[in-house]
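Here is what each chain is made of, one letter per residue.
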Amino acid sequence: MYEVEKPKIELDPDVANEVPWSDNITPYDDQHTITYLRLLDADAEDADWQEVARIVLHRDPIAEPERTRHCWKDHLRRAKWMTEVGYRSILEQQRDTLQ
């Protein structure tokens, strides 16, 4: 049996202005797993989106409010997708690896 090499998960990676969307988990998703978790935690705590965008996404909501809000919303939407749909792909990959 061989192991599929996954990219290393970065703790605080730079983010794109928009998530490269796909119906499957992407290398971008793999790289930004921690980012997604931080966004979901902040959302669950009703944290101020501007503070979250500044800390987690490295965006300046004062200098670029529209661009920053779009970036935050897009990444949060993808993070939620991962918990509702994307996780199934991870489980299927693990199941296939174990068989």
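So, a few notes on the structure that sits alongside this text. Everything numeric here is computed off the predicted structure, so don't read it as measured data.

**Here's the deal with helix α3 (residues 49–56)**
Moving on, step 1. For α3, the set of buried residues is W49, V52, A53 and V56. Projection of α3 onto a plane perpendicular to its axis shows the buried side chains occupying an angular sector of 100°, all on one side.
Moving on, step 2. One or two positions beyond α3, positive phi appears at H58, with a value near 60°.

**Regarding the packing of aromatic side chains**
Moving on, step 1. Counted by the stated rule, this structure contains two aromatic pairs.
Moving on, step 2. Ring centres of W21 and W81 lie 6.0 Å apart, and the angle between their planes is 65°; on these two criteria the pair is classed as edge-to-face. Linking W21 in the segment before α1 (27–31) with W81 in helix α4 (residues 65–98), this pair joins segments that are 60 residues apart in sequence.
Moving on, step 3. Here W21 falls in the partly exposed class, since its relative accessible area comes to 37%.
Moving on, step 4. With a centroid separation of 5.7 Å and an interplanar angle of 35°, the aromatic rings of W49 and W72 are classed as tilted. One end of the pair, W49, is in helix α3; the other, W72, is in helix α4, with 23 residues separating them in the sequence.
Moving on, step 5. Overall, W49 belongs to the buried group, its relative accessible area being 15%.
Moving on, step 6. Just above the ring of W21 sits the side chain of R78; from NZ or CZ to the centre is 4.4 Å.
Moving on, step 7. Above the ring of W81, the side-chain terminus of R78 is found at 3.9 Å from the ring centroid.

Calculation rules
- Residues numbered from 1 in each chain as written.
- Predicted model: local features only at pLDDT ≥ 70, side-chain atom pairs only at ≥ 80, totals over all residues.
- Heavy atoms only, no water.
- Buried < 20%, exposed > 50% of the residue type's maximum accessible area, 1.4 Å probe, protein only.
- Helix = DSSP H or I, 4+ residues; strand = E, 2+ residues; numbered from the N terminus.
- Arc of directions from axis to C-beta.
- Phe/Tyr/Trp six-rings, centres within 6.5 Å; stacked < 30°, edge-to-face > 60°.
- Lys NZ or Arg CZ within 6 Å of the ring centre and 35° of its normal.

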